[in-house]
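Structural overview
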Amino acid sequence: LNAKEDESTSFVEKALNLSKNELSKLSKESLIRITSKLAESLASANSEKQSLCDTMKTAKVAVKELVDLKHRYKELEYAHMELSKETQKLKIQSKKWDAYKKTIQTQEEVIAKMQHVIESNITGMKPPLLIKEPIIEAEKDEEVEETM
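1. Section: the environment of Thr-58
Relative to the helices and strands, Thr-58 resides in helix H4 (residues 28–124). Polar contacts involving the side chain of Thr-58 include one to the main-chain carbonyl oxygen of Asp-54, which spans 2.9 Å.

Written out as structure tokens, the structure reads:
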């Protein structure tokens, strides 16, 4: 291997493909140069490997976070749907309560008017005719039957 090949990218490949016989013919300086280049290449490969391992760890953490976020999103989506259903039920119930309030208000007004009528009858009117009128009606019915 000469200096020109030493600078090329295929130097390491050629050094790795040398047979034992070819390696034994090389000078000590050439073997040191080959060993040095192989060590640099190995260090570079190890550094790249470490960088890729770090990138893989980061990617695994990111994937786990993504899975967790997707799961959390599904939970929030479900919670939102349940909240929406509950809100709809409460709106319907609120409308019913409004109707009940109006009914109660109307009943209170009717009761107040009836109370006023009753109080007026008690304080300023003659004795109630409720008892006498049915008796009179009953007597009239008897008279009609006798004439028939």
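After presenting the structure, the write-up continues.
2. Considerations on the pattern of salt bridges
For the structure on display, the rule yields four salt bridges. Measuring nitrogen to oxygen at the nearest pair gives 3.4 Å for the salt bridge that ties Glu-75 to Arg-72. Taken as a pair, Glu-75 and Arg-72 lie in helix H4 at a separation of three residues, close to a single helical turn. We classify Glu-75 as partly exposed; its relative accessible area is 36%. The exposure class of Arg-72 is partly exposed, given its relative accessible area of 45%. Residue Glu-82 pairs with Lys-85 through a salt bridge whose shortest N-O separation is 3.7 Å. With Glu-82 and Lys-85 both in helix H4 and three residues apart, this pair spans about one turn of that helix.

3. A short note on the packing of aromatic side chains
Using the criterion set out here, one finds one aromatic pair in the structure. On the numbers, 5.7 Å between centres and 85° between planes, the contact of Trp-97 with Tyr-100 is edge-to-face. Note that Trp-97 and Tyr-100 are positioned in helix H4 at a spacing of three residues, about one turn of the helix. In this structure Tyr-100 comes out as partly exposed when scored by relative accessible area, which is 46%.

Calculation rules
Residues numbered from 1 in each chain as written. Predicted model: local features only at pLDDT ≥ 70, side-chain atom pairs only at ≥ 80, totals over all residues. Heavy atoms only, no water. Helix = DSSP H or I, 4+ residues; strand = E, 2+ residues; numbered from the N terminus. Polar contact = N/O pair within 3.5 Å; in protein donor to acceptor, adjacent residues only side chain to side chain. Salt bridge = Lys/Arg side-chain N within 4 Å of Asp/Glu carboxyl O. Buried < 20%, exposed > 50% of the residue type's maximum accessible area, 1.4 Å probe, protein only. Phe/Tyr/Trp six-rings, centres within 6.5 Å; stacked < 30°, edge-to-face > 60°.

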